[in-house]
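# Overview (structure and organization)
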Amino acid sequence: MMRTQVLATLLRARPAAQRVAPVLARPSSSAHSQETFESFNERYVQFFKDAEDLFEVQRGLNNCFAHDLVPTPAVVEAALRATRRVNDYATAVRIFEGVSEKVENKQQYKAYLEELKGVREELGRLKFIPTQILVR
């Protein structure tokens, strides 16, 4: 009981400047430039080429698909090759699911499938990805 009272007294006696919560958000700066679509694609193609384990591949996919754009077939191809390198078929299927969610219509999704047909056949079981995966 006495210990609790002493602790409460000490906490009340601290100056107000020490009780201020830390600032968690950085102020925005106008010095940053917008990333171009081409540099975005180059960055993610290189990221997936360098990814060494499943966690990195999935983290890159999560970051890539979080942007408000559809990744180019080159980025998707690099991601598919990365999933093959880490031997994870489920993530490869999820890449196609992500693309199907990002595109605006069925024709765009089919265009991606057609563009990636050679890669899908080269990587084996991916050639059996159905064309109707989650297309709205």
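Residues numbered from 1 in each chain as written. Predicted model: local features only at pLDDT ≥ 70, side-chain atom pairs only at ≥ 80, totals over all residues. Heavy atoms only, no water.

## A short note on helix 5 (residues 89–102)
Rules: Note on conventions: DSSP H or I runs of at least 4 residues are helices, E runs of at least 2 residues are strands, and numbering of each starts at the N terminus. Expected helix span is computed as 1.5 Å times (number of residues minus one). Exposure categories follow from relative accessible area, calculated using a 1.4 Å probe and restricted to protein chains: below 20% of the type maximum is buried, above 50% is exposed, and the middle band is partly exposed. Contact between two residues is taken to exist if any of their heavy atoms lie within 4.5 Å; hydrogens are not considered.
Here helix 5 spans 20 Å end to end across 14 residues, near enough to the 20 Å set by a 1.5 Å rise per residue. Three or more residues of helix 5 are buried, namely Thr91, Ala92, Val93, Ile95, Phe96, Gly98, Val99 and Ser100. Buried positions along helix 5 lie against helix 3 (54–66), helix 4 (73–85), helix 6 (106–115) and helix 7 (117–122).

## Some words on the pattern of salt bridges
What counts is decided by this rule: The term salt bridge refers to a pairing of a side-chain nitrogen on Lys or Arg with a carboxyl oxygen on Asp or Glu at a separation within 4 Å.
Taken as a whole and assessed by the stated rule, the structure comprises three salt bridges. A salt bridge links Arg81 to Glu77; the nearest nitrogen and oxygen atoms lie 3.1 Å apart. Here the residue Arg81 and the residue Glu77 both occupy positions in helix 4, the gap between them amounting to four residues, near one helical turn. With a closest N to O distance of 2.8 Å, Arg81 and Glu122 form a salt bridge. Remark: Glu122 occurs in helix 7 and Arg81 occurs in helix 4; sequence separation between them is 41 residues. By relative accessible area, Arg81 is classed as partly exposed at 29%. Classification of Glu122 as exposed rests on a relative accessible area of 54%. One connected set of salt bridges, linked through shared partners, spans Glu77, Arg81 and Glu122.

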